[in-house]
Amino acid sequence: MISKETFLAVFYTSFYLNIFCLLFGLALLKNQSRKEIIIIVYLILSISFDYINEHVMDWFGITTNFHIHNMWSFIEFIVLWIFYFQILDIKKIKIIHWISLVSFISICILVLLFYQSIFEIIKVHKIYSAIYYSFLSVYLYFQFLNKLDTHLLRKSLFWQNSAFFIYFTGNILMFLMVDYMFLGDIGLLNSWAIHNILTIIKAVGLIIAFYINKKYYSENRI
């Protein structure tokens, strides 16, 4: 079990690394392609929601910030859906991709109307999002295997896909096992600490992708 101090250290590391990742991407903006612009938008929104999440209870005198978590999960799915839709290999399965979006929105509406409040931790749409983007990541890995003449380490998509694969597969395990592994407030700190560690790994992968786009720009244009 971790202490609150350790949790905060991990959280602020992930928060400021996300800011660095955003600034790094903006500094190399002229070397980025369309899908990286979407990643930059994703980072801006992620940082904004993290900041709001940290302060919303003090600002409005409320006792929960779970609604911020839930809103971010919804927006995160939409932005990453747009990101993946820019990739040619994903357009080969665009019907599945569109079905995933409609299903996700439908599930969110049904859960909010009949099962849970937005002020509670809603796991269903988080698990759905994690499973779907893990599936897309694995699908892209298979596509990489069909292009053995490609230098994967020189492809920004490889690093982005790896970052999201680790992040979302880790989240699947966290949300499926959190009720069994951890109990009470300390347990909640442990589970979100794992989430923040995954966020750090994701940010490192995206930073590498921005750099790869600069170094091998001609190989990474869409």
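Because the structure is predicted, anything quoted here is derived from the model rather than measured. (Residues numbered from 1 in each chain as written. Predicted model: local features only at pLDDT ≥ 70, side-chain atom pairs only at ≥ 80, totals over all residues. Heavy atoms only, no water.)

**Q** What should I look at first to understand the overall build of the protein chain in this one?
**A** From N to C terminus, the protein chain includes nine helices and zero strands. The helix and strand sequence of the protein chain, counted from the amino end, reads α-α-α-α-α-α-α-α-α. Scaling as 2.2 N^0.38, a compact globule of 222 residues should have a C-alpha radius of gyration of about 17 Å, and the protein chain matches this with 18 Å. Expressed as a percentage of its 222 residues, the buried residues of the protein chain come to 48%. Sequence separation of 24 or more characterises 76% of the internal contacts of the protein chain that already satisfy a separation of 6 or more. By element, 72% of the accessible surface of the protein chain is carried by carbon and sulfur atoms, the whole surface being about 11600 Å². (Helix = DSSP H or I, 4+ residues; strand = E, 2+ residues; numbered from the N terminus. Rg over C-alpha atoms; globule rule 2.2 N^0.38 Å. Buried < 20%, exposed > 50% of the residue type's maximum accessible area, 1.4 Å probe, protein only. Contact = heavy atoms within 4.5 Å. Areas by Shrake-Rupley, 256 points an atom, 1.4 Å probe, with all protein chains shown as cover.)

**Q** For this particular structure, what's the right way to read the packing of helix H1 (residues 4–27) against helix H2 (residues 34–60)?
**A** A pair of packed helices is characterised by two quantities: the angle between their axes and the separation of those axes. Packing of H1 against H2 leaves a shortest axis separation of 10 Å and a crossing angle of 150 degrees. By the angle class used here, H1 and H2 are roughly antiparallel. Classified by chirality, the crossing of H2 by H1 is left-handed. Touching Phe11, Tyr12, Phe15, Asn18, Ile19, Cys21, Leu22, Gly25 and Leu26 of H1 are Ile40, Leu43, Ile44, Ser46, Ile47, Asp50, Tyr51 and Glu54, all from H2. (Axes fitted to C-alpha atoms, helices over the stretch in contact; angles between N-to-C directions. Parallel < 35°, antiparallel > 145°, perpendicular 65-115°, else oblique. Left-handed = near helix turned anticlockwise from the far one by under 90°.)

**Q** When you look at the pattern of salt bridges in this model, what are you seeing that I'm missing?
**A** A side chain with one charge can pair with a side chain of the opposite charge if their charged atoms come near. Taken as a whole, this structure holds two salt bridges when the rule is applied. Residue Lys35 pairs with Glu36 through a salt bridge whose shortest N-O separation is 2.5 Å. (Salt bridge = Lys/Arg side-chain N within 4 Å of Asp/Glu carboxyl O.)

**Q** Teacher, can you tell me more about H2 here?
**A** Every α-helix winds through 3.6 residues per turn, so residues three or four apart in the chain are directed the same way. The end-to-end C-alpha separation of H2 is 37 Å, in line with the 39 Å expected for 27 residues at 1.5 Å each. Along H2, the sharpest change in direction is near 40 degrees and occurs at Glu54. One or two steps after H2, the chain reaches Gly61, where phi turns positive at roughly 65 degrees. (Expected span 1.5 Å × (residues − 1). Bend = angle between axes of the 7 residues up to and from the residue.)

**Q** Where do I start with the nonpolar core in this structure?
**A** Soluble globular proteins tend to bury their nonpolar side chains together. Formed by 47 residues in total, the largest nonpolar core has its most connected members in Tyr84, Tyr133 and Phe164. Elements represented by at least two residues in this core include exactly H1, H2, helix H3 (66–85), helix H5 (94–114), helix H6 (124–145), helix H7 (156–181) and helix H8 (184–215). In terms of residue count, H3 provides more of this core than any other element does, nine residues in total. Once residues within four sequence positions are removed from consideration, Tyr84 is found in contact with Ile90, His97, Tyr133, Leu136, Ser137, Leu140, Asn161 and Phe164. Grouped together as the second largest cluster of nonpolar side chains are six residues, Phe7, Ile127, Trp192 and Ala193 included. (Core = buried A, V, L, I, M, F, W, Y, C linked by side-chain atoms within 4.5 Å.)

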